[in-house]
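The primary structure of each chain is shown beneath.
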Amino acid sequence: MFEALKEQPVDKIMLTAQAYRADPRAEKIDLGVGVYKDATGLTPVMRAVKAAEKKLWEIENTKVYTALAGEPAFADAMVGLVLGDAVPRANVAAVATPGGTGAVREAMELIKMANPNARVFISDPSWPNHAAIVDYVGLKRMSYRYFDEATRGLDFDGLMEDLKQAGEGDVVLLHGCCHNPTGANPTEAQWEAIVAAVVASGALPMVDIAYQGFGDGLDADAFATRLVASKASECLIAASCSKNFGIYRERTGILMGVSNDATGTKLAQGVMTALNRLNFSFPPDHGARLVTMILTDPELTAMWKEELEEVRLSMLGLRQRLADELKRLTNSDRFDFLAQHRGMFSRLGTTPELVQKLRDDHAIYMISDSRMNIAGLNTKTVPVLAAAIVKAGI
Ligand code: LMR
């Protein structure tokens, strides 16, 4: 039977990771896959996570299955973190999922069950797995303009124009903050207009929020998600704990279905729980438990917030340094957008050929669409990258 299988495409983020690993050059710089790295190149276990793990080791007395939807305390803690008091807790159906990807996948499956003809609008560009999952689940994929290649900022007019195509029965997938791959984000006023347009269109808004706390702070980064939840009668939210808790390999995420109709919430809860059972039975618990412990213990919360803020500020510092260095080298402000972007990524805005040239000539690895992981830099490599960008004629 296996001979009938077709080779599957490997997405460009995974391809970059493979090429980086295979490069024998010692001075290579990895700006590929989105993981946070400190100045020494390590992706550290956060202090609050270590402390929670230690405590958990002492108190955990069973590894029996968790609930199908995950622990209710995890859902409560995450609903609080992501939604604050934007909606009553009773309006939110939630299931723990393996990472944010698990939540996106189940959201698409739920949409397919509710409306097999739904069209899912995703930003152009978006995280490549968004398109891959929409296609795999068999939903119709549409796109809306997002990035202005000239300014490297948001193409707000293009976005608003394209959203006019969405209507009742469709889904509009939004990045809650720290847009991946561009780093360009709407202002709060633009968010108000975007959310109003989606709500008026009758389409279901869905938010993927994977970088809360990496942009402008935990609450500022949740602004759009909270706005969506408070304005729309129904919405879906996929949230990841991989980055902001640094627990990538624990696969910790949550899918929320928010409805201001009690029957809707109940149905969503039932379907999402059933999808867990169908896909993997019980969700992973270790990471979810650590997150719950951190968010419910004031001391651990403070420890976590402090380190998350250090991480955020270090990325902002690297952005500023890179923008300053490029300003110095080019005597122009055309790279100022790097300091304005938020989150882990910035799209440099160059061709795949020049991205390849940076790879060949300088062992600098970014995604072929010129997405750079800013956290892959440090104070030593910022001038190296800036010089290479200028040398390549970008
Ligand atoms: C990324 O965009 O690099 C991360 O979200 C990792 C991934 O799974 O692609």
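Since the model is a prediction, treat every value here as computed from it, not as a measurement. Each chain carries its own residue numbering, running from 1 in the written order of its sequence. Predicted model: local features are reported for residues with pLDDT of at least 70 only, side-chain atom pairs are reported and counted for 80 or more only, and whole-chain, interface and lining totals are derived from all residues. To obtain the side-chain values, all non-hydrogen atoms of the structure were included, while hydrogens and water were left out.

1. What to know about the sheet that holds strand 9 (residues 234-240)
Thinking step 1. Read across the open sheet, the seven strands follow the order 2-10-9-8-7-3-4; overall the sheet is mixed. Each having just a single partner strand, strand 2 (92-97) and strand 4 (140-145) make up the two edges of the open sheet. Taking the axes of each pair of neighbouring strands and ignoring which way they run, one obtains an average angle of 20 degrees across the sheet.
Thinking step 2. As paired strands, strand 2 and strand 10 (residues 253-259) are joined by six bridges and run antiparallel to one another. What sits directly across from Ala96, in strand 10, is Ile254.
Thinking step 3. Should any heavy atoms of two residues lie within 4.5 Å, those residues are counted as being in contact. Only the contacting stretch of a helix is used when fitting its axis, a line to C-alpha atoms as for every element, and angles between N-to-C directions run 0 to 180 degrees. Under the scheme used here, helices are H or I runs from DSSP no shorter than 4 residues and strands are E runs no shorter than 2 residues, and both carry numbers assigned from the N terminus. Relative to the sheet, helix 4 (residues 99-114) contacts strand 2, strand 3 (119-124), strand 7 (171-175), strand 8 (204-209), strand 9 and strand 10, its axis offset from that of strand 9 by approximately 155 degrees. Pairing between two strands is assigned when DSSP locates at least 2 bridges connecting them.

2. Some points on the domain arrangement of the protein
Thinking step 1. Split into domains, the protein comes out as domain 1 (10-45 + 309-392) and domain 2 (65-296).
Thinking step 2. Here the limits of each domain have been adopted from an automatic or database domain assignment. Summarising the inter-unit geometry, the C-alpha centres of domain 1 and domain 2 are found 27 Å apart.
Thinking step 3. At the interface, 23 residues of domain 1 touch 22 residues of domain 2.
Thinking step 4. Using a 1.4 Å probe, buried area is obtained as the accessible area two parts lose upon being combined, added over both of them. In total, about 1900 Å² of surface goes out of reach between domain 1 and domain 2, with carbon and sulfur atoms giving 56% of it.
Thinking step 5. The three residues of domain 1 that bury the most area against domain 2 are Arg312, Arg342 and Arg347, which together make up 32% of that side's buried surface.
Thinking step 6. Whenever a carboxyl oxygen of Asp or Glu lies within 4 Å of a side-chain nitrogen of Lys or Arg, that contact is scored as a salt bridge. Summed over the shared surface of domain 1 and domain 2, the number is two salt bridges.
Thinking step 7. Arg347 serves as the salt-bridge partner of Glu149, at 3.7 Å between the closest nitrogen and oxygen.
Thinking step 8. Two N or O atoms form a polar contact when they lie within 3.5 Å of each other; inside protein one atom must be a possible hydrogen donor and the other a possible acceptor, and for residues adjacent in sequence the pair counts only when both atoms belong to side chains. For the interface between domain 1 and domain 2, the tally reads 10 residue pairs in polar contact (both at pLDDT 80 or more).
Thinking step 9. Counting residues per element, the ones that place at least two in the side of domain 1 that touches domain 2 are helix 1 (12-22), helix 12 (298-330) and strand 11 (345-347).

3. Considering the pairing of strand 10
Where a strand is regular, its side chains alternate between the two sheet faces.
Thinking step 1. The buried label goes to any residue with under 20% of its type's maximum accessible area, the exposed label to any with over 50%, and the partly exposed label to all in between, with areas taken from a 1.4 Å probe on protein chains only. The element strand 10 is largely enclosed, with a buried count of seven among its seven residues.
Thinking step 2. With burial as the criterion, each face of strand 10 is covered, one bearing Gly253, Leu255, Gly257 and Ser259 and the other bearing Ile254, Met256 and Val258.
Thinking step 3. Here seven bridges tie strand 9 to strand 10, and the two strands are oriented antiparallel to one another. By the bridge assignment for strand 10, Glu234 is matched with Ser259.

4. Quick look at empty space enclosed by the protein
Thinking step 1. Space inside and on the surface of the protein is sampled on a 1 Å grid over the protein atoms alone, with a cavity defined as a set of points where a 1.4 Å probe fits but cannot get out and a pocket as an open set with protein on both sides within 12 Å along at least 5 of 7 lines; lining residues have an atom within 4 Å of a point. Grid points are joined across faces, edges and corners, and a volume is the space filled by probe spheres set on the points. Per the stated rule, a full pass over the model turns up three cavities of 30 Å³ or more.
Thinking step 2. In this structure, the largest cavity occupies an estimated 90 Å³ of space.
Thinking step 3. Looking at which domains feed residues into the lining of the largest cavity, each of domain 1 (10-45 + 309-392) and domain 2 (65-296) gives three or more.
Thinking step 4. Put simply, the second largest cavity is a space of about 50 Å³.
Thinking step 5. Along its surface, the second largest cavity is lined by Tyr144, Tyr146, Leu159, Leu174, His175, His179, Pro186, Trp191 and Ile194.
Thinking step 6. Among the elements of the structure, strand 7 and helix 7 (188-201) are those that each provide at least two residues to the lining of the second largest cavity.
Thinking step 7. The residue classification treats Ala, Val, Leu, Ile, Met, Phe, Trp, Tyr, Cys and Pro as nonpolar and Asp, Glu, Lys and Arg as charged. All others, Gly included, are polar. Considered class by class, the residues forming the lining of the second largest cavity number seven nonpolar, two polar and no charged.

5. Description of the site of the ligand
Thinking step 1. Nearness is defined per residue: one heavy atom within 4 Å of the molecule or strand is enough. Looking at the ligand, the residues that line it are Ile13, Val33, Gly34, Trp127, Asn180, Tyr211, Lys243, Phe345 and Arg371.
Thinking step 2. Contact distances for the ligand include 2.9 Å between an oxygen atom and a side-chain N or O atom of Trp127.
Thinking step 3. In the model, an oxygen atom of the ligand is placed 3.0 Å from a nitrogen or oxygen of the Lys243 side chain.
Thinking step 4. Taking 260 Å² as the accessible area of the ligand by itself, protein coverage stands at 82%. Under the convention used here, a 1.4 Å probe and the Shrake-Rupley method define accessible areas, while residue burial counts only the protein chains that appear.

6. A word on the state of the cysteines
Thinking step 1. Two cysteine sulfurs form a disulfide in these notes if their separation is within 2.5 Å. This structure, assessed with the given rule, holds zero disulfides.
Thinking step 2. Cys177 takes part in no disulfide bond, and the closest cysteine sulfur to it belongs to Cys178, at a distance of 3.8 Å.

7. Considerations on unusual backbone geometry
Thinking step 1. The omega torsion across Asp124 and Pro125 is 5 degrees, close enough to zero to call that bond cis.
Thinking step 2. Omega for the bond connecting Asn180 with Pro181 falls within 30 degrees of zero, at 25 degrees, which places this linkage in the cis form.
Thinking step 3. Mapping Pro181 onto the fold places it in the loop between strand 7 and helix 7.
Thinking step 4. In this structure, Cys178 takes a positive phi of about 50 degrees despite not being glycine.
Thinking step 5. Within the element layout of this structure, Cys178 appears in the loop between strand 7 and helix 7.
Thinking step 6. Here Cys178 falls in the buried class, since its relative accessible area comes to 3%.

8. Looking at the layout of surface pockets
Thinking step 1. In this structure, the largest pocket spans a volume of roughly 590 Å³.
Thinking step 2. Along the wall of the largest pocket there are 27 residues; nearest its centre are Leu110, Ala114, Leu204, Glu234 and Leu236.
Thinking step 3. Breaking the lining of the largest pocket down by element, the ones donating at least two residues are helix 4, strand 8, strand 9, strand 10 and helix 10 (262-279).
Thinking step 4. Here the residues of the lining of the largest pocket sort into 17 nonpolar, seven polar and three charged.
Thinking step 5. Counted as a void, the second largest pocket has a volume near 470 Å³.
Thinking step 6. What lines the second largest pocket is a set of 27 residues, among which Thr101, Trp127, Asn180, Tyr211 and Lys243 lie closest to the centre.
Thinking step 7. Counting residues per element, the ones that place at least two in the lining of the second largest pocket are helix 1, helix 4, helix 5 (128-137) and strand 8.
Thinking step 8. Examining the composition of the lining of the second largest pocket, we find that three residues originate from one element, helix 4, more than from any other.
Thinking step 9. For the lining of the second largest pocket, the class distribution of residues is 13 nonpolar, nine polar and five charged.

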